[in-house]
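Structure at a glance
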Amino acid sequence: MEKLIKNAFSIYITKFGNQIIGLMLIPLISKKLTSDELSFYLLYLSLTGFSVVLFDYSSSIIGVKSVAKNIFSVRTFAKYNFAHKITLSAIFLSFGFVAYYVTRSWEYFLLVVACIPIGMKDVWYYQARLNMSKVVWFDILIRTLLLLFVFAIPSALFNIKVLLCAFIFFESISYLFYSYPLFSFIRYSDKKDFKKSVITNIKNGIHVFSARLSGAIYTNLTLPISLVFFSSEKIIVFGVCERILRIIVSLISPIITTVYPYLSSDDKDKKRIYNALKSFGIFLTVVSFLFIEKIAQIIFDIHIDIAIWQLVIFSIVPYFIVMGSVNGLLELNLRGGYKQNNAILQLSVLAYLVTFMFIGMFGDERFLFLCLLVPEFSFYAVSMMYIRKK
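Note that the structure is predicted; figures quoted are calculated from it, not measured.

Here we take up the packing of helix α11 (residues 236–265) against helix α13 (residues 308–334). The interhelical angle for the contact between α11 and α13, taken along N-to-C directions, is 25°, at an axis separation of 10 Å. For the element pair α11 / α13, the angle class is roughly parallel. Seen along the crossing, α11 lies across α13 with a hand that is right-handed. Contacts between α11 and α13 involve Cys241, Ile244, Leu245, Ile248, Val249, Ile252, Ile256, Val259, Tyr260, Leu263 and Ser264 on the former and, on the latter, Phe314, Val317, Pro318, Ile321, Val322, Ser325, Leu329, Leu330, Asn333 and Leu334. Grouping the constituent residues of the contact of α11 with α13 by class yields 18 nonpolar, three polar and no charged.

What the rule picks out here adds up to one cavity of 30 Å³ or more. Forming the walls of the largest cavity are Ala78, Asn81, Phe82, Asp122, Trp124, Leu182 and Ile186. Among the elements that line the lining of the largest cavity, the one with the most residues is helix α4 (residues 74–103), at three residues. Considering only residue class, the lining of the largest cavity consists of five nonpolar, one polar and one charged.

One pass over the structure, following the stated rule, counts seven salt bridges. A salt bridge links Lys79 to Asp193; its shortest N-O distance comes to 3.0 Å. Taken together, the positions of Lys79 in helix α4 and Asp193 in helix α10 (residues 191–229) put the pair 114 residues apart, joining distant regions of the chain. Linking Arg335 and Glu331 is a salt bridge whose minimum nitrogen-to-oxygen distance equals 2.8 Å. Taking the relative accessible area as the measure of exposure, Arg335 reaches 46% and is therefore partly exposed. Looking at Glu331, the relative accessible area reads 9%, which means it is buried. If you follow the salt bridges from partner to partner, you end up with Lys121, Asp139, Arg143 and Glu171 in one network.

Axis separation between helix α3 (residues 59–69) and α4 bottoms out at 9 Å; the angle between their running directions is 160°. It follows that α3 is roughly antiparallel to α4 by the angle criterion. Taken as a pair, α3 and α4 cross one another with a handedness that is left-handed. Residues Ser59, Ile62, Gly63 and Val67 of α3 pack against Val74, Phe77 and Asn81 of α4.

Now for the side chain of Ser378. Residue placement: Ser378 occurs in helix α15 (residues 370–389). Here the side chain of Ser378 touches Val374 through a polar contact of 2.6 Å, landing on its backbone oxygen. What Ser378 contacts, discounting residues up to four positions off in sequence, is Ser348 and Ala351.

Here the focus is unusual backbone geometry. Across the chain, the bulk of peptide bonds are trans and the bulk of non-glycine residues have phi less than zero. Of note in the backbone geometry, Tyr57 takes a positive phi value of approximately 55° without being a glycine. Summarising the element assignment, Tyr57 is placed in the loop between α2 (35–56) and α3. Relative accessible area serves as the criterion here: at 5%, Tyr57 is assigned to the buried category. Located in the positive-phi region is Arg104, a residue other than glycine, with phi close to 55°. In this fold, Arg104 is placed in the loop between α4 and α5 (106–113). Among the residues examined, Arg104 registers a relative accessible area of 54% and is labelled exposed.

A surface patch of nonpolar side chains, about 780 Å² in accessible area, is lined by Ile282, Val286, Phe289, Leu290, Phe291, Ile308, Trp309, Val312 and Phe367. Looking at the nonpolar patch, the elements that each hand over two or more residues are α12 (270–300) and α13. With five residues, α12 is the largest single contributor of residues to the nonpolar patch. For Phe367, the location among the structural elements is in the loop between α14 (338–362) and α15.

In this structure, Trp124, Leu277, Phe314, Leu330, Leu368 and Phe369 are the most contacted members of the largest nonpolar core, which totals 63 residues. For this core, the leading source of residues is α11, giving 13 residues. When sequence neighbours within four positions are dropped, the list of residues in contact with Leu277 reads Ile255, Ile256, Val322, Val326 and Leu330. Counting 30 residues, the second largest nonpolar core, distinct from the first, contains Leu111, Ala114, Ile118 and Phe170.

Residue position: Tyr126 is located in helix α7 (residues 123–128). Given a relative accessible area of 5%, Tyr126 falls into the buried group. Along the sequence, Tyr126 and Phe149 sit 23 residues apart, while their C-alpha atoms lie 28 Å from each other. Here the side chain of Tyr126 touches Tyr178 through a polar contact of 2.8 Å, landing on its backbone oxygen.

Before going further, it helps to examine the environment of Arg129. Along the polypeptide, Arg129 turns up in the loop between α7 and α8 (133–152). For the pair Arg129 and Gly360, spaced 231 residues apart in sequence, the C-alpha separation works out to 46 Å.

Basis of the calculations
- Residues numbered from 1 in each chain as written.
- Predicted model: local features only at pLDDT ≥ 70, side-chain atom pairs only at ≥ 80, totals over all residues.
- Heavy atoms only, no water.
- Axes fitted to C-alpha atoms, helices over the stretch in contact; angles between N-to-C directions.
- Helix = DSSP H or I, 4+ residues; strand = E, 2+ residues; numbered from the N terminus.
- Parallel < 35°, antiparallel > 145°, perpendicular 65-115°, else oblique.
- Left-handed = near helix turned anticlockwise from the far one by under 90°.
- Contact = heavy atoms within 4.5 Å.
- Nonpolar A, V, L, I, M, F, W, Y, C, P; charged D, E, K, R; others polar.
- 1 Å grid on protein atoms, 1.4 Å probe; cavity = no way out; pocket = protein on both sides within 12 Å on 5 of 7 lines; lining within 4 Å.
- Points joined across faces, edges and corners; volume = space filled by probe spheres on them.
- Salt bridge = Lys/Arg side-chain N within 4 Å of Asp/Glu carboxyl O.
- Buried < 20%, exposed > 50% of the residue type's maximum accessible area, 1.4 Å probe, protein only.
- Polar contact = N/O pair within 3.5 Å; in protein donor to acceptor, adjacent residues only side chain to side chain.
- Patch = residues over 30% accessible without salt bridge, like charges linked within 9 Å, V, L, I, M, F, W, Y side chains within 5 Å.
- Areas by Shrake-Rupley, 256 points an atom, 1.4 Å probe, with all protein chains shown as cover.
- Core = buried A, V, L, I, M, F, W, Y, C linked by side-chain atoms within 4.5 Å.

Right, dumping it as structure tokens:
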């Protein structure tokens, strides 16, 4: 249990340390880049976030579970995972050359290539070993060096190409530090063995990848879809609350990420951990209900006028996120029910889209809060029924 808490603490340090450095980096970059170059930087942030899902594929679930249960399985999974990542890197590199050929701009080439080292990092290995503390400080060090580099370069010499090259350089160093322990495990007898590794990795992880992709779509499209139906002035309260919810999710994620490998190797404390997570969900609900207006004031410097029924709906969402994670990310995945977890998540996303379309066409912006509740409650309810049935 002590190792579990230490690992969760390390993930929190990495997450919030990188967020703080990122917040310091944005105004510094904004002063040195033109508005067009700044749009490139924002596009880089979006692309890298999506590329991590593509490169990780299923390693954060299947790889973590395999290695947590049996350390010797790291040889096989590292081999499959590396083949997948090298193939994807070649595809990204090809897209980069195509982007350059079409636009005759090195910026687009560097934009695509910069996604590769971030995606290549083998974070799953340290998650499985409950050993994130080994790499957390190096990750923050690299980000700090990047910040100092941007600060030191004179504005006259600084542009988006310099920035993207810096990202590629520093993230490549981070990748080598993360992944060097696995290099000795990666051996392929011939081209057929390499192809077999790629195909096996794709087949084994297709349901996990599909679930992660669905989750990424739901997480990233809520505000853009709402702007299709309503003006930005009308959804300001909803938009602020939705962003706060994402911050709350960032508090939940490190705990689930740590608990999963811990229970994969030893489930004797499962009931106690599930009860602790349930209490954590209730705590987040109470905090959300009591302090949402103050949180909005502190983070966004804005006063939100939220109705009591909207506040109730918003407040119970964190509870269902935590309990949905217990049912799906933990219980179903620990049982090997990747296909079932994916199917339930797809159903929840469908319920989310139907709710959004219905409110957009026939309702008003006040009911958008239902779009936060419906997918989380749907996943929790359906997954609970499935687990009890089994």
